[in-house]
Amino acid sequence: FLSSLLAVGLVVLLLPAFNHLVGKEVTLDFYANPALSLGLIGVSLCTGVVAGSYPALFMASFQPVKTLKGSVHFGSKSSRFRKILVVMQFAISITLITGTLVVYQQLEFMRNRDLGFDKEHLVYIPVDGTLKNNYEAAKQSLLQYPNIVSATVSSHSPTGVYWNGSGWDWDGRDPEINPLVTYLNVDADFAETFRIKMTQGQFFSRERIESASGSVIINEEFARIMGKESPVGARLTNGDNNLLIIGVIQDFHFKPLRTEIGPLMMVSGSDRYRYMFLRITPDDIARTIEHIEQVHKQFNPDFPFEYTFLDEDFARLYGSEQQFGSIIRYFTALTIIIACLGLFGLASFMSEQRTKEIGIRKVLGSSVPGVILLLSKEFMQWVAIANVVAWPIAWYILNNWLQDFT
């Protein structure tokens, strides 16, 4: 009951931090939820009874005569039970430690993964209202500011949801192949602004966008699916659509890292532009944002100014994984502390049981490191067994978790 009172006090103190960690709003109200109070009392009673029953039953099994003579010895059953508990405790700790390391490595991998484009210092604003018809004039006005390096408009953001479809045909297509293709509308400055390289052909030019809207650029994955080493000059047809491939762009992650890079078609089309991306310099970002706001008010006065940094979008995109990593990290630390407390109690118990043996060894010249090694050997064996138990469990759990990522 004392432990329960202490626990409730700790929960009250730590609940705000816990809510911040998990992103929820959990409350602790004993008056509004009597079942919580009754449950806490029930858990305390059950824990006390269970904790007291084992030593009571164990000690009641001793013969009174031997107990009075002080010749009580703990049998192999109790020793085996202790070993099982220690192995289980260490196996849980090792599993959580392994999980923490793998989750951390996966998060670091996603943060540092080469996306195929440069997401740093890219800010974007929605293209809506009157800006839809005046985006080109707004672009030119923004580019006059020295801290804005380049600008482009597109139908989607790399962290958003795309349009896609199937049914595309080309010369020599295998009838069994019918890929689901993602569509991306861009202007002539997209590759330069996102810093994506072309592997074949050329990107859209202003003249090509104005005079040849039937052109298309595909990514390397689409070229691989087509089975053509040089698809430039080939045509893609789908119903009334007949598009000429003028270039192949380097594969880049236009979707979150949980999915593979699929086939992509990039076309030009001003009626579907939804975002304007601006590559800015890291110098005086606040003043650059102020200038963007001024231009936005000039060309789109009826809509509020909203802007987003693309790297912050990616950080939010994997917020749930980062939250999961934080939770498992704290629980791992807590588990290790509890395991150490249990280990300390067990070590104290074992050393007390072997007091005479240790005394004799000391008299015969055994050193302190020798005694430590003697007592540690058995623990090392248990830890080794716990590793053998924990590794397959950790592998199974983490392998399933990693299946959510490509």
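Up top is the structure these notes are about.
Everything quoted here is computed from the prediction, not taken from an experiment. (Residues numbered from 1 in each chain as written. Predicted model: local features only at pLDDT ≥ 70, side-chain atom pairs only at ≥ 80, totals over all residues. Heavy atoms only, no water.)

### Comments concerning the packing of aromatic side chains
Overall, the coordinates contain 19 aromatic pairs when judged by the stated rule. Consider the rings of Tyr124 and Tyr275, whose centres lie 5.5 Å apart with planes at 85°: the pair is edge-to-face. Remark: Tyr275 occurs in strand 10 (residues 275-280) and Tyr124 occurs in strand 1 (residues 122-126); sequence separation between them is 151 residues. Exposure class is identical for Tyr124 and Tyr275. Each is buried. Judged by centre distance (5.3 Å) and plane angle (65°), the ring pair of Trp401 and Phe405 falls under edge-to-face. Residue Trp401 is classed as buried on the basis of its relative accessible area, which comes to 17%. Phe405 sits in the buried class, given a relative accessible area of 9%. What links up through ring pairs into an aromatic cluster is the set Phe117, Tyr124, Tyr162, Phe190, Phe194, Phe252, Phe254, Tyr275, Phe277 and Phe314. Directly above the ring of Trp163 sits Arg272, whose terminal nitrogen or CZ lies 4.9 Å from the centroid. One cation-aromatic arrangement involves Arg329 over Tyr330; the distance from NZ or CZ to the ring centre is 6.0 Å. (Phe/Tyr/Trp six-rings, centres within 6.5 Å; stacked < 30°, edge-to-face > 60°. Helix = DSSP H or I, 4+ residues; strand = E, 2+ residues; numbered from the N terminus. Buried < 20%, exposed > 50% of the residue type's maximum accessible area, 1.4 Å probe, protein only. Lys NZ or Arg CZ within 6 Å of the ring centre and 35° of its normal.)

### Side note on the sheet that holds strand 11 (residues 308-309)
Spatially, 4 strands are ordered 2-10-1-11 in an open sheet, and the strand pairing comes out antiparallel. Each edge of the open sheet is held by one strand with a lone partner, namely strand 2 (148-154) and strand 11. Where strand 2 meets strand 10, 6 bridges bridge the pair, whose relative direction is antiparallel. What sits directly across from Ser154, in strand 10, is Tyr275. In the packing of helix 5 (residues 131-143) onto the sheet, the strands contacted are strand 1, strand 2 and strand 10, and the crossing angle to strand 2 comes to about 165°. (Pairing = 2+ DSSP bridges. Contact = heavy atoms within 4.5 Å. Axes fitted to C-alpha atoms, helices over the stretch in contact; angles between N-to-C directions.)

### Let's talk about unusual backbone geometry
Even without a glycine there, the phi angle at His121 is positive, about 60°. Locating His121 in the fold gives a position in the loop between helix 4 (76-112) and strand 1. For His121, a relative accessible area of 31% corresponds to the partly exposed category. The backbone of Asp284 sits at a positive phi, close to 50°, despite the residue not being glycine. For Asp284, the location among the structural elements is in the loop between strand 10 and helix 9 (285-299).

### A few points about the packing of helix 12 (residues 355-363) against helix 13 (residues 368-402)
Between helix 12 and helix 13, whose axes approach to 10 Å, the crossing angle comes to 145°. Crossing of helix 12 against helix 13: the hand is right-handed. Facing helix 12, whose interface residues are Glu357, Ile358, Arg361 and Lys362, helix 13 presents Val368, Val371, Leu374 and Leu375. Within the contact of helix 12 with helix 13, the residues separate by chemical class into 5 nonpolar, no polar and 3 charged. (Left-handed = near helix turned anticlockwise from the far one by under 90°. Nonpolar A, V, L, I, M, F, W, Y, C, P; charged D, E, K, R; others polar.)

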